[in-house]
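Summary of the model geometry
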Amino acid sequence: MRTCLTLVVLSVAASWFAARAGLCQEHGKHHSPAEMNRQFSKPDLDVAEFIRRFESDSRDIFVARRQIVDAVGLRQGMAVADIGAGTGLFTFSFAEQVGPKGQAYAVEIAPAFLSYIEKQARERRLENIKAVRASQDSTNLAANSIDLAFVCATYHHFEHPKNVLASIHRALRREGRLVVIDFDLRKDSSAFVREHARGPKEVYFREISAAGFRPLESKAQVGLKDNFFAVFERKEPEGSSASGQGGK
Ligand SMILES: C[S@@+](CC[C@H](N)C(=O)[O-])C[C@H]1O[C@@H](n2cnc3c(N)ncnc32)[C@H](O)[C@@H]1O
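Predicted model only: the values in this text are computed from it and were never measured.

**Section: the layout of surface pockets**
In this structure, the largest pocket encloses a volume near 890 Å³. In terms of lining residues, the largest pocket is bounded by 43 residues, among which Phe54, Arg59, Ala153, His156 and His157 are the most central. Among the elements of the structure, α2 (33-38), α3 (47-54), α4 (60-63), β1 (79-83), β2 (103-108) and α9 (191-196) are those that each provide at least two residues to the lining of the largest pocket. The residue makeup of the lining of the largest pocket, split by class, is 19 nonpolar, 17 polar and seven charged.

The following block contains the structure:
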């Protein structure tokens, strides 16, 4: 009887710890990427509502947006893709950073966000912004077209991360970088983070490494609380010659 009781107590404690750590999400209210993305495919998507949600002080990413832009380290003339651009929180700053000789791609699955960004770009006279409609299998960016891919609060939305990562790898130029910001699932993460993160960041890092990227050490101090900030470099495919890939 005592052994039985001990086993029950141990099993309840194990489930509680696993649920707190977000490791046992089938017991929690974890939303799958497809469930999360359903809201973005609505034809009557209310962009104003998402501006309120994405551009709010309740998001550490919004509070730290200037530090993030600095940490990304863009230079004039570069080509950058804001993948999962949403309301353009970063696209407009990136367009300013890369200047008229550079290019900022706003990559999105939601046509309403793309139309909004295009309209804003016209109003702000940012002629170097180009909207690109993505699918769940590809960013649809041209091969060898970007120096930096930026994926903010979007990695956990990818329904087929392997395919999307392959398209990012193709689009990046030699020594191109991939910056990923996403929920940092920890034991003390909020219920919101646990509901949305697909796993701890190590799961994402393994997928990204397997797709042909190497982690770079980042000394960036972006001051995020709920999210991690990680930088990767595109590795050359095995056997490719130093002169094999085109320049900029
Ligand atoms: C939480 S929002 C983040 C928006 C913006 N990056 C920000 O931080 O404010 C996630 C965005 O990813 C987009 N998204 C989801 N899956 C995508 C995919 N496979 N490719 C590109 N965008 C995607 C959604 O439409 C949504 O706008």
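**Considerations on the site of the ligand**
In the vicinity of the ligand, 19 residues are found, and the nearest of them are Arg59, Gly84, Glu108, Gln136 and Cys152. One of the side-chain N or O atoms of glutamate 108 is found 2.6 Å from an oxygen atom in the ligand. The contact in question runs from a nitrogen atom of the ligand to an N or O atom on the side chain of glutamine 136, over 3.0 Å. Relative to its unbound accessible surface of 600 Å², the ligand loses 97% to contact with the protein. Judged by its atoms lying within 2 Å of the grid points, the ligand is housed in the largest pocket.

**What to know about helix α5 (residues 65-72)**
Given 3.6 residues to a turn, an α-helix orients residues that are three or four positions apart in the same direction. Burial in α5 covers these residues: Ile68, Val69 and Val72. Buried residues in α5, looked at end-on, bunch into an arc of 100°, giving them a common side. For α5, the exposed residues lying more than 90 degrees away from the buried face are Arg66 and Asp70. Against α4, α6 (91-98), β4 (146-152), β5 (172-183) and β7 (227-234) lie the buried residues of α5.

**Notes on α3**
Listed in full, the buried residues belonging to α3 are Val47, Phe50 and Phe54. Each buried residue of α3 sits inside an arc of 60° when the element is viewed along its axis, so together they form one side. Lining the buried residues of α3 we find α4 and α7 (111-123). Its side-chain oxygen 3.2 Å from the backbone nitrogen of alanine 48, aspartate 46 forms the N-cap of α3.

**Considerations on the side chain of threonine 139**
Note that threonine 139 resides in the loop between β3 (129-133) and β4. Discounting chain neighbours no more than four positions away, the residues touching threonine 139 are Ile83, Val107, Val132, Arg133, Ala134, Val164, Ser167 and Ile168.

**What about the packing of α3 against α7?**
Where α3 meets α7, the closest approach of the two axes is 10 Å, and the angle between their N-to-C directions is 85°. Between α3 and α7, the interaxial angle falls into the category roughly perpendicular. For the pair α3 and α7, the contacting residues are Val47, Phe50, Ile51 and Phe54 in the first and Ala112, Phe113 and Tyr116 in the second. Taken together, the residues of the contact of α3 with α7 break down into seven nonpolar, no polar and no charged.

**Digging into the nonpolar core**
Core analysis: the biggest nonpolar cluster contains 33 residues, and Ile61, Ile68, Phe90, Phe150 and Ile181 have the highest contact counts within it. Put simply, the parts of the chain that give this core at least two residues each are α4, α5, α6, β2, α7, β4, β5 and β7. In terms of residue count, the dominant contributor to this core is α6 (four residues). Those residues in contact with isoleucine 61 that lie beyond four places of it in its chain are Ile68, Leu89, Phe90, Cys152, Ala153, Ile181, Leu224 and Asn227. Judged by nonpolar contacts, the second largest core, of 30 residues, contains Ala79, Ile168, Val180 and Ala197.

**Looking at the packing of aromatic side chains**
Taken as a whole and judged by the stated rule, the model has 14 aromatic pairs. An angle of 50° between the planes, with centres 5.0 Å apart, marks the rings of tyrosine 155 and tyrosine 204 as tilted. Residue tyrosine 155 is located in the loop between β4 and α8 (161-171), and its partner tyrosine 204 is located in helix α10 (residues 201-210); the two are separated by 49 residues in the primary sequence. As far as burial versus exposure is concerned, tyrosine 155 and tyrosine 204 are alike and both buried. Put simply, the rings of Tyr155, Phe158, Tyr204, Phe205, Phe228 and Phe232 pair up and form one aromatic cluster. Here the basic side chain of arginine 65 rests over the ring of phenylalanine 62, its NZ or CZ set 3.9 Å away from the ring centre. Sitting above the plane of the phenylalanine 92 ring, arginine 124 keeps its charged end 4.0 Å from the centroid.

Definitions and limits used
- Residues numbered from 1 in each chain as written.
- Predicted model: local features only at pLDDT ≥ 70, side-chain atom pairs only at ≥ 80, totals over all residues.
- Heavy atoms only, no water.
- 1 Å grid on protein atoms, 1.4 Å probe; cavity = no way out; pocket = protein on both sides within 12 Å on 5 of 7 lines; lining within 4 Å.
- Points joined across faces, edges and corners; volume = space filled by probe spheres on them.
- Helix = DSSP H or I, 4+ residues; strand = E, 2+ residues; numbered from the N terminus.
- Nonpolar A, V, L, I, M, F, W, Y, C, P; charged D, E, K, R; others polar.
- Near = heavy atom within 4 Å.
- Polar contact = N/O pair within 3.5 Å; in protein donor to acceptor, adjacent residues only side chain to side chain.
- Areas by Shrake-Rupley, 256 points an atom, 1.4 Å probe, with all protein chains shown as cover.
- Sits in = over half its atoms within 2 Å of the grid points.
- Buried < 20%, exposed > 50% of the residue type's maximum accessible area, 1.4 Å probe, protein only.
- Arc of directions from axis to C-beta.
- Contact = heavy atoms within 4.5 Å.
- Axes fitted to C-alpha atoms, helices over the stretch in contact; angles between N-to-C directions.
- Parallel < 35°, antiparallel > 145°, perpendicular 65-115°, else oblique.
- Core = buried A, V, L, I, M, F, W, Y, C linked by side-chain atoms within 4.5 Å.
- Phe/Tyr/Trp six-rings, centres within 6.5 Å; stacked < 30°, edge-to-face > 60°.
- Lys NZ or Arg CZ within 6 Å of the ring centre and 35° of its normal.

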